[in-house]
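# Architecture and fold: a report
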Amino acid sequence: QVQLVESGGGLVHGGGSLTLSCAASERTFSDYYMGWFRQAAGKEREFVSRISAGGLPRYADSVKGRFTISRDNAKNTVTLQMNSLKSEDTAVYYCVAGRGGLTTSPSAYDYWGQGTQVTVSS
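Treat the numbers as computed from the prediction; the structure is a model and nothing was measured. What you see as residue numbers is a count from 1 along each chain, following the sequence as written. For a predicted model such as this one, the threshold for reporting local features is a pLDDT of at least 70, and the threshold for listing and counting side-chain atom pairs is 80 or more; totals across whole chains, interfaces and linings nevertheless cover every residue. Side-chain metrics in this entry use all non-hydrogen atoms of the structure; hydrogen atoms and water are not considered.

### Things to note about the environment of Gly98
Labels follow the DSSP assignment, with helices taken as runs of H or I lasting at least four residues and strands as runs of E lasting at least two, numbered in each case from the N terminus. Position of Gly98 among the secondary structure elements: in strand β9 (residues 91-98). In the structure, Gly98 is positioned 19 residues away from Gln117 in sequence and 22 Å away in space, judged by C-alpha atoms. Residue contacts for Gly98: discarding those within four places in its chain leaves Tyr32, Tyr33, Ala108, Tyr109 and Asp110. The contact rule is simple, with two residues in contact once any of their heavy atoms fall within 4.5 Å.

Next comes the structure, spelled out in structure tokens:
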């Protein structure tokens, strides 16, 4: 059982930056794809970014060029650096872990954090 704990959410003005972090309990963390999904009020959960076990990132088109995902296998952490934030980035952000598959789909991830709120004021 992998436990994921997110931190770093909050309120920021449009154009600002936030860094989300996720700490994983699993000692085999390096075997997992790690990623981030988000869910805005009244909307479906959507893919934001993921990073493979080998460190290969992928991004949703809506965040490409603004967000950067990274992982530190020695510390069992994954980080999402979010720059040039827009009001449409406002959502609850979830850290996820999985073994692979269609990694832009929620179904590829077996483990989810509790979520952290990101609010971008316009």
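Next comes the rest of the account.
### Here we look at the sheet that holds strand β7 (residues 67-72)
At least two DSSP bridges between two strands are needed for those strands to be called paired. One open sheet accounts for four strands, arranged β1-β3-β8-β7; its pairing is antiparallel. Each edge of the open sheet is held by one strand with a lone partner, namely β1 (4-7) and β7. This sheet shows a mean twist of 15 degrees between the axes of neighbouring strands, independent of strand direction. Sheet topology note: the strand β3 (residues 18-24)/strand β8 (residues 77-82) ladder contains six bridges and is antiparallel. By the bridge assignment for β8, Ser21 is matched with Thr79. For helices, the fitted line uses only the C-alpha atoms of the stretch in contact; every axis is such a line through C-alpha atoms, and the angle between N-to-C directions lies from 0 to 180 degrees.

All we've got here are geometric facts, nothing functional implied.
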